[in-house]
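Coordinate inspection notes
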Amino acid sequence: MTVHFIGAGPGDPDLITVRGLRLIQSCPVCLYAGSLVPEQIVSAAPDDARVIDTAPMTLDEIIDEIRDAHDKGLNVARVHSGDPSVYGATAEQMRRLDALDIDYDVTPGVPAFAAAAAALKTELTIPEVAQTVIVTRTAMQSSAMPNNEDLDTLGKSGATLAIHLSIRNLREIERQLVPHYGPDCPVIVAYRVGWPDEAFLHGTLSTIANQIRKSKITRTALVFVGHALKPGQDFRDSALYDADHVHVLRPKKKAKAS
């Protein structure tokens, strides 16, 4: 018996991996985070599968369901949104499964920030503008941020920031990041990425809070901040395909003998 932690992607059923879908199709028990995972994905489970929305459940209740499946020798598809490694609350489940000596594996999924960048047709790492992407959040009602992971500290890098779980904290984001990025730094709020009502709001650090207040978006949104997001900017081409850039797969051409 194995528990398969599966990243379902951000919302679009087409963005689940082939492996993840096959596991869902084969498991007689399917536990999924119903607030973020579309039912269309878990509808691929076998007709007689036990399919449970874990959104209203506690950790103990979820583990009880897994233990019951283990006792019956039934594989479990544990389906999470996005990629399980990012804000998936999987580590605490794995710790419990380790204690119970229950086997598990992990199938990665498309994270929301990658799906949003694809929908926006943008690259988050632009040569000589930003070569680092930081995935983070801010502390509100959830657990506190570790020391030195506040936005003021992270913002000193000038990296492209993908800020999760913080749509109601935009004034604090503005306060901490304006000193490092400037008030006119581009900001994009990606709402419900991959879902039919997906939307993107474009602004700056000094304007985005008012825009979001008017839009009445209060959850399920990702906040991008960074100069790599500036539309139509002029930047140098990367070295990857530069004719003068020599590497092992494109060695320097020998000069032709005269």
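Residues numbered from 1 in each chain as written. Predicted model: local features only at pLDDT ≥ 70, side-chain atom pairs only at ≥ 80, totals over all residues. Heavy atoms only, no water.

Quick look at the sheet that holds strand E8 (residues 186-191)
The mixed open sheet is built from five strands, whose spatial order is E6-E7-E10-E8-E9. Two strands in the sheet have a free side with no partner beyond their single neighbour: strand E6 (133-137) and strand E9 (199-204). The mean angle between the axes of side-by-side strands here comes to 20°, regardless of whether they run parallel or antiparallel. Lying on the sheet, helix H7 (residues 170-181) is in contact with strand E7 (160-164) and strand E10 (221-225); it crosses E7 at an angle near 170°. Sheet strands touched by helix H8 (residues 208-215): E8 and E9. Its angle to E9, the strand with the most contacts, is close to 145°. (Pairing = 2+ DSSP bridges. Helix = DSSP H or I, 4+ residues; strand = E, 2+ residues; numbered from the N terminus. Axes fitted to C-alpha atoms, helices over the stretch in contact; angles between N-to-C directions. Contact = heavy atoms within 4.5 Å.)

Details of the nonpolar core
If you look at the biggest cluster of nonpolar residues, it comprises 23 residues, and the most contacted ones within it are Leu177 and Val225. Residue assignment for this core shows that the elements contributing at least two residues are helix H6 (151-155), E7, H7, E8, H8 and E10. Sorting elements by how many residues they give to this core places H7 first, with four residues. Those residues in contact with Val225 that lie beyond four places of it in its chain are Ala159, Thr160, Leu161, Ile163, Leu177, Tyr181, Cys185, Pro186, Val187 and Leu205. (Core = buried A, V, L, I, M, F, W, Y, C linked by side-chain atoms within 4.5 Å. Buried < 20%, exposed > 50% of the residue type's maximum accessible area, 1.4 Å probe, protein only.)

Quick look at a negative patch on the surface
Negative charge collects at one region of the surface, where Asp98, Asp101, Asp103 and Asp105 lie side by side. Here Asp101 lies in the loop between helix H4 (91-100) and strand E5 (104-107). (Patch = residues over 30% accessible without salt bridge, like charges linked within 9 Å, V, L, I, M, F, W, Y side chains within 5 Å. Areas by Shrake-Rupley, 256 points an atom, 1.4 Å probe, with all protein chains shown as cover. Salt bridge = Lys/Arg side-chain N within 4 Å of Asp/Glu carboxyl O. Lys, Arg positive; Asp, Glu negative; His and termini not counted. Charge placed at Lys NZ, Arg CZ, Asp CG, Glu CD.)

Here we look at the packing of helix H3 (residues 59-71) against H4
Close contact between H3 and H4 brings their axes to 11 Å; oriented N to C, the two are set at 45°. In terms of orientation, H3 lies oblique with respect to H4. Like other packed secondary-structure pairs, H3 and H4 cross with a definite hand, here right-handed. Touching Leu59, Asp60, Ile62, Ile63, Ile66 and Arg67 of H3 are Glu92, Gln93, Arg96, Leu97 and Leu100, all from H4. Residues of the contact of H3 with H4, tallied by class, amount to six nonpolar, one polar and four charged. (Parallel < 35°, antiparallel > 145°, perpendicular 65-115°, else oblique. Left-handed = near helix turned anticlockwise from the far one by under 90°. Nonpolar A, V, L, I, M, F, W, Y, C, P; charged D, E, K, R; others polar.)

Brief notes about the domain arrangement of the chain
Considered domain by domain, the chain is made up of domain 1 (3-107) and domain 2 (112-229). The centre of domain 1, based on its C-alpha atoms, is set 28 Å off from the matching centre of domain 2. Listed by partner, the interface residues are nine residues for domain 1 and eleven residues for domain 2. Interface area for domain 1 against domain 2, summed over the two sides, is near 780 Å², with a carbon-plus-sulfur share of 69%. By the criterion of area lost to domain 2, the three top residues of domain 1 are Pro10, Leu36 and Tyr87, representing 60% of everything that side buries. Run the count over domain 1 and domain 2 and you get zero salt bridges. Put simply, domain 1 and domain 2 have four residue pairs in polar contact (both at pLDDT 80 or more) between them. (Domains from an automatic or database assignment. Buried area = accessible area lost by both parts, 1.4 Å probe. Polar contact = N/O pair within 3.5 Å; in protein donor to acceptor, adjacent residues only side chain to side chain.)

Examining the sheet that holds strand E2 (residues 29-32)
Taken in spatial order, the five strands line up as E3-E2-E4-E1-E5 in an open sheet, and their pairing is parallel. Unpaired on one side and paired on the other, strand E3 (50-53) and E5 mark the two borders of the sheet. Ignoring which end each strand starts from, the neighbouring axes of this sheet average 15° apart.

A closer look at H8
For H8, the complete set of buried residues consists of Ile208, Ala209 and Ile212. Down the axis of H8, the buried set is contained in an arc of 100°. They therefore lie on one face. Exposed side chains of H8 directed beyond 90 degrees from the buried face belong to Arg213 and Lys214. Buried residues along H8 sit in contact with H7, E8 and E9. (Arc of directions from axis to C-beta.)

Quick look at the side chain of Arg78
For Arg78, the location among the structural elements is in strand E4 (residues 76-80). For the buried residue Arg78, which engages in no salt bridge, the nearest side chain bearing the opposite charge is Asp53, 7.5 Å off. When sequence neighbours within four positions are dropped, the list of residues in contact with Arg78 reads Val3, His4, Phe5, Ile6, Leu31, Tyr32, Ala33, Thr54, Ile62 and Gln93.

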